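Fold and geometry: a report
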Amino acid sequence: MSDFNLSAFSDAIADIAAAAAPATASFATHQHRTATAFHWRDGYFVAAEEAVEAGEEIELTLSSGDKVKAELVGRDPSTGTALLKPTGAPDVPSLAKAGTVRPGHLAIAIGNSDGAVLAAFGTVGEVGPAWRSMRGGTIDRRINLAVNAGGRFEGGPVLDAKGALIGMLLFGPRRRALVMPYETIERAVATLREKGHVARGYLGAGLHPIRNGDTHGAMVMSLDDNGPAKAAGLHLGDIIVSWNGEAVHGPRELIRRLGPDSAGGSVTLGVVRGGERRDVVLTIGEKPLS
């Protein structure tokens, strides 16, 4: 590749970052670091849920350097999405939706640090099917990035080579960069705008992983007085070993099944009590707001 083409490629990346910068903002997190938010549409911004603390005052610094107060409209831990509404409806652009994304496609992460634009580029490392998050959210696509982006990029937009929005940058285990896809954010935002929260399934039981010989599962360590587990007849010391006939090996597998689409549904739990196996039918509740 000639120097001219390298220069043109470099300028193209910088131009994409510059065009996206007005849609971004930064804010100080409850952990005293900087994170990014970006304009979704209709004056609403999205950010990484883990970076936003309920009840704390949020001040967004726009790319213009202007500072605006913002209200936390709602948060969805199952998709890592928080929805913010600045006061005064700042005049900032939205980002177009990206098309098909494939492994090897260019990916550009955009951040904001006290109004200054941040940019990092790499590639889409993996595109896979829908998956269930650790907190029970249904994520429409698995998109992992080969992009070296630091903590200030968290919650920022990830763009394709046309400058269109693939999704929001989050960090998974071992700080692995991943994308919360556009369509997943869209669903979360619609619910947060309407209700202020995304319902999550609720058993009303404190659970602990257990391995006792051939028995692997989740032991019931506590029961909420008015929770679904107690109403269904679960007892302290019960070991939950299956969910609708599928084996579960610990609390984490149960939590993953308690997504927003589970509340109100019925499930048959396989339970070991006093060494005997039995089935307990339970109606999943909606997790109370904390």
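Residues numbered from 1 in each chain as written. Predicted model: local features only at pLDDT ≥ 70, side-chain atom pairs only at ≥ 80, totals over all residues. Heavy atoms only, no water.

Attention now goes to the pattern of salt bridges. Per the stated rule, a full pass over the model turns up twelve salt bridges. The partner of D225 in a salt bridge is K230, with the nearest N and O atoms 3.5 Å apart. Its salt-bridge partner being R273, residue D238 comes within 2.8 Å of it at the nearest N-O pair. In this pair, D238 is assigned in the loop between helix 3 (228-232) and strand 18 (239-243) and R273 in strand 20 (residues 266-273), connecting sequence segments 35 residues apart. You'll find D238 and R273 in the same group, each marked buried. Salt bridges here are not isolated pairs; linked through shared partners, they connect E49, R75 and R135. (Salt bridge = Lys/Arg side-chain N within 4 Å of Asp/Glu carboxyl O. Helix = DSSP H or I, 4+ residues; strand = E, 2+ residues; numbered from the N terminus. Buried < 20%, exposed > 50% of the residue type's maximum accessible area, 1.4 Å probe, protein only.)

A few words on the side chain of N144. By the secondary structure assignment, N144 is in strand 11 (residues 142-146). N144 gets classed as buried once you look at its relative accessible area, which sits at 9%. At 2.6 Å, the side chain of N144 forms a polar contact with the side chain of E126. (Polar contact = N/O pair within 3.5 Å; in protein donor to acceptor, adjacent residues only side chain to side chain.)

This paragraph deals with helix 2 (residues 182-195). Counted at 1.5 Å a residue, the expected span for helix 2 with its 14 residues is 20 Å, and the 20 Å between its end C-alpha atoms agrees. Looking only at helix 2, the buried set comprises Y182, E183, T184, I185, A188, V189 and L192. Just downstream of helix 2 lies G196, where phi reads positive at about 85°. (Expected span 1.5 Å × (residues − 1).)

This part is about the domain arrangement of the chain. Its domain assignment divides the chain into domain 1 (1-197) and domain 2 (201-286). Put simply, the middle of domain 1 and the middle of domain 2, counted by C-alpha atoms, are 36 Å apart. Tallying the contact residues gives nine residues for domain 1 and eight residues for domain 2. Taken over both partners, the interface formed by domain 1 and domain 2 buries close to 590 Å², and the fraction arising from carbon and sulfur atoms is 47%. On the domain 1 side of the interface with domain 2, the three residues burying the most area are R132, M134 and G136, jointly 72% of the side's total. Taken together, domain 1 and domain 2 are joined by zero salt bridges. (Domains from an automatic or database assignment. Contact = heavy atoms within 4.5 Å. Buried area = accessible area lost by both parts, 1.4 Å probe.)

Read once around its circumference, the closed barrel built from six strands follows the order 1-2-3-6-5-4, with strand pairing classed as antiparallel. Taking each pair of neighbouring strands and ignoring which way they run, the sheet shows an average axis angle of 40°. As paired elements, strand 2 (residues 34-41) and strand 3 (residues 44-48) share four bridges and run antiparallel to each other. Among the inter-strand pairings, F38 is bridged to a residue of strand 3, identified as V46. (Pairing = 2+ DSSP bridges. Axes fitted to C-alpha atoms, helices over the stretch in contact; angles between N-to-C directions.)

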